[in-house]
Amino acid sequence: DTLARPQERFCQFFDESEVINPAVAAALASEDWQGLGKWTDESHRQTVVHLRNTVPETAWLPDEARRLKALAASAFGAGFGGSCWAIVEKERAEIF
């Protein structure tokens with residue numbers, strides 16, 4: 001099945017709202033770039049594994065951005081499509 005079951009959606013929503021978003025905010029506030037990457041990676045992983053609302057064309061982009069030294073990256077959109085954002089150091093932006 002391609003759609004997440006209600007329990008999976010709830011668990012992902014809870015984790016995103018109560019665990020991941022506060023951790024991302026704290027990482028940004030303290031300039032903890034490793035923590036920012038860790039928590040955005042987890043957010044994206046849960047989207048792919050639990051929500052299952054990504055498509056192969058965008059699901060791989062955050063991993064590739066991280067491989068290319070983005071501090072953090074994640075796919076987003078209305079589901080089954082969308083785009084990807086990535087945060088890179090200003091000095092690396094052109095190379096990225």
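Each value, and the rule that gives it
Residues numbered from 1 in each chain as written. Predicted model: local features only at pLDDT ≥ 70, side-chain atom pairs only at ≥ 80, totals over all residues. Heavy atoms only, no water. Helix = DSSP H or I, 4+ residues; strand = E, 2+ residues; numbered from the N terminus. Expected span 1.5 Å × (residues − 1). Bend = angle between axes of the 7 residues up to and from the residue. Buried < 20%, exposed > 50% of the residue type's maximum accessible area, 1.4 Å probe, protein only. Contact = heavy atoms within 4.5 Å. Patch = residues over 30% accessible without salt bridge, like charges linked within 9 Å, V, L, I, M, F, W, Y side chains within 5 Å. Areas by Shrake-Rupley, 256 points an atom, 1.4 Å probe, with all protein chains shown as cover. Salt bridge = Lys/Arg side-chain N within 4 Å of Asp/Glu carboxyl O. Axes fitted to C-alpha atoms, helices over the stretch in contact; angles between N-to-C directions. Parallel < 35°, antiparallel > 145°, perpendicular 65-115°, else oblique. Left-handed = near helix turned anticlockwise from the far one by under 90°. Nonpolar A, V, L, I, M, F, W, Y, C, P; charged D, E, K, R; others polar. Core = buried A, V, L, I, M, F, W, Y, C linked by side-chain atoms within 4.5 Å.

Undergrad: Which residues make up helix H1 (residues 6-29), and what values go with them?
TA: Taking 1.5 Å of rise per residue, 24 residues should cover 34 Å, and H1 covers 33 Å from first to last C-alpha, within 8% of that figure. The largest bend in H1 comes to about 40°, at Glu-16. Of all the positions in H1, only Glu-8, Gln-12, Glu-16, Ile-20, Ala-23, Val-24 and Ala-27 are classed as buried. Next to the buried residues of H1 lie helix H2 (33-51). One or two steps after H1, the chain reaches Glu-31, where phi turns positive at roughly 55°.

Undergrad: Mind laying out a nonpolar patch on the surface, listing which residues take part and the relevant values?
TA: Taken together, the side chains of Phe-10, Phe-14 and Val-19 define a hydrophobic patch exposed on the protein surface, amounting to about 290 Å² of accessible area. Relative to the elements of secondary structure, Phe-14 occurs in helix H1.

Undergrad: Outline H2, supporting the account with residue identities and numerical values.
TA: Its 19 residues place the ends of H2 26 Å apart at the C-alpha level, agreeing with the 27 Å of an ideal helix rising 1.5 Å per residue. Taken as a whole, H2 has its buried residues at Gly-35, Leu-36, Gly-37, Thr-40, Ser-43, His-44, Gln-46, Thr-47 and Leu-51. Those residues of H2 that are buried are in contact with H1, helix H3 (56-59), helix H4 (61-67), strand S1 (72-76) and strand S2 (83-87). Arg-52 sits one or two positions beyond H2 and adopts a positive phi of about 55°.

Undergrad: So what's going on with the side chain of Ser-43? Residues and values would help.
TA: Inspection of the secondary structure assignment puts Ser-43 in helix H2. Note on Ser-43: relative accessible area 10%, which makes it buried. Other than its neighbours up to four places away in sequence, Ser-43 contacts Glu-16 and Ile-20.

Undergrad: Which residues make up the packing of H1 against H2, and what are the values?
TA: Interhelical geometry of H1 versus H2 gives an angle of 165° and a closest axis separation of 9 Å. For the element pair H1 / H2, the angle class is roughly antiparallel. Of the two possible hands of crossing, H1 and H2 adopt the one that is left-handed. Two secondary-structure elements touch here, H1 through Glu-8, Arg-9, Gln-12, Asp-15, Glu-16, Val-19, Ile-20, Ala-23, Val-24, Ala-27 and Leu-28 and H2 through Trp-33, Gly-35, Leu-36, Trp-39, Thr-40, Glu-42, Ser-43, Gln-46, Thr-47, Val-49, His-50 and Leu-51. Here the contact of H1 with H2 is composed, by residue class, of eleven nonpolar, seven polar and five charged.

Undergrad: Report on the nonpolar core, specifying residues and quantitative values.
TA: Counting residues in each nonpolar core, the largest one holds five residues, listed as Ile-20, Val-24, Ala-27, Leu-36 and Ala-72. Among the elements that line this core, the one with the most residues is H1, at three residues. Ignoring anything within four residues of it in the chain, the contact list for Ala-27 reads Asp-32, Gly-35 and Leu-36.

Undergrad: Before we move on, could you go through the pattern of salt bridges and cite the residues and values that matter?
TA: The full count for this structure, using the stated rule, is five salt bridges. Note that Glu-8 is salt-bridged to Arg-52, the shortest N-O span being 3.2 Å. With Glu-8 in helix H1 and Arg-52 in the loop between H2 and H3, the pair connects residues that are 44 residues apart, well separated along the chain. Measuring nitrogen to oxygen at the nearest pair gives 3.0 Å for the salt bridge that ties Asp-41 to Arg-66.

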